[in-house]
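Descriptive structure summary
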Amino acid sequence: MLVDTVDKMKRNIGNKLALYPTPAVVVGALVNEKVTWTLVAHIGIVAHDRLLISLHKSHYINVGVQKDRRLSVNIVTENFLDKADYCGIVSGKQTDKSQIFTYTMGENGAPMIDDSPLSMECIVEDVYECNGFDNFICSIGATYAADEVMNAEGKLDYTRLHPILFEFPTYQYLRSGDVVGHCTDAGKKYRDSLV
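Right, let's walk through the structure included here. Throughout this description, residue numbers start from 1 for each chain and increase along the sequence as written. Local features in this predicted model are restricted to residues of pLDDT 70 or higher, and side-chain atom pairs are both shown and tallied only at a pLDDT of 80 or more, whereas totals for entire chains, interfaces and linings draw on every residue. Only heavy atoms go into the side-chain values, all of them from the structure, while hydrogens and water stay out.

1. Description of the overall build of the protein
The following threshold applies: The numbering of helices and of strands both runs from the N terminus, where a helix is a DSSP run of H or I of at least 4 residues and a strand a run of E of at least 2. Residue exposure (1.4 Å probe, protein chains only): buried if accessible area is under 20% of the type maximum, exposed if over 50%, otherwise partly exposed. In this description, contact between two residues means that some pair of their heavy atoms is separated by no more than 4.5 Å.
Along its length, the protein carries 4 helices and 12 strands. In terms of principal-axis extent, the alpha carbons of the protein reach across some 60 × 45 × 30 Å. Taken over 195 residues, the protein has a buried fraction of 37%. The long-range fraction of contacts in the protein, counting pairs at least 24 apart against all pairs at least 6 apart in sequence, stands at 59%.

2. Focus: the sheet that holds strand 1 (residues 22-23)
Adjacent strands of a sheet pair through backbone hydrogen bonds, lying either parallel or antiparallel. To keep it simple, the criterion reads: Pairs of strands are assigned from DSSP output, requiring at least two bridges between the strands.
Strand order in the open sheet made by the 3 strands is 1-11-12, with antiparallel pairing throughout. The open sheet has two edge strands with one neighbour each: strand 1 and strand 12 (172-175). Strand direction decides the pairing type here: strand 11 (residues 164-167) and strand 12, joined by 4 bridges, are antiparallel. Counted as the bridge partner of glutamate 167 is glutamine 172 from strand 12.

3. Digging into the nonpolar core
This is how the line gets drawn: To qualify as a nonpolar core, a set must consist of buried Ala, Val, Leu, Ile, Met, Phe, Trp, Tyr and Cys residues joined through side-chain atoms within 4.5 Å.
By size, the foremost hydrophobic cluster in this structure holds 21 residues, and its most contacted members are Ile53, Leu71 and Val73. When residues of this core are traced back to their parent elements, those giving at least two are strand 2 (25-31), strand 5 (50-56), helix 1 (61-68), strand 6 (70-75), strand 9 (118-130) and strand 10 (133-145). Per-element tally for this core: the top contributor is strand 9, with 4 residues. Counting residues in hydrophobic clusters, the runner-up holds 17 residues, among them Val26, Val35, Phe80 and Ile100.

Spelled out as structure tokens, the structure:
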């Protein structure tokens, strides 16, 4: 359906990035051979086997990620939100964050938070600089999941994971919601109604 005018039910609010909420994660890495952590909400999927971590260039952790080319991505859940949030309000330049979490070193040498039920150990494949941000394009070396977020078939069950979501414009944390349907079911139902 072609419409000649701007939809009057919507208001132009400017060129706002409006893809929030996003999952909150804590990134772990080594800086000068010492573990450090930072809270990140600018994370995305680049392809089926790549993800993007976007960090302002001023972050202390960037030095280690640039040098070692490895990091971990740890999904934040409510059980350690206080510690994760703390990682986002203090800088590793002034604060030693190495003892905030108990952690395990992954097979590729990145520290992973024991309290996180889902951690990905990543290898930095490329760095794209944009508007004062280092955008790390990462491949996933290994994914580690706790039993409680797995289903009977041994696959991830995101209804058990309950990741914390971050909404940037208001700086609020949100709980993830309920399942509303299976991908493609609604589209097939709509397609069938057209016949």
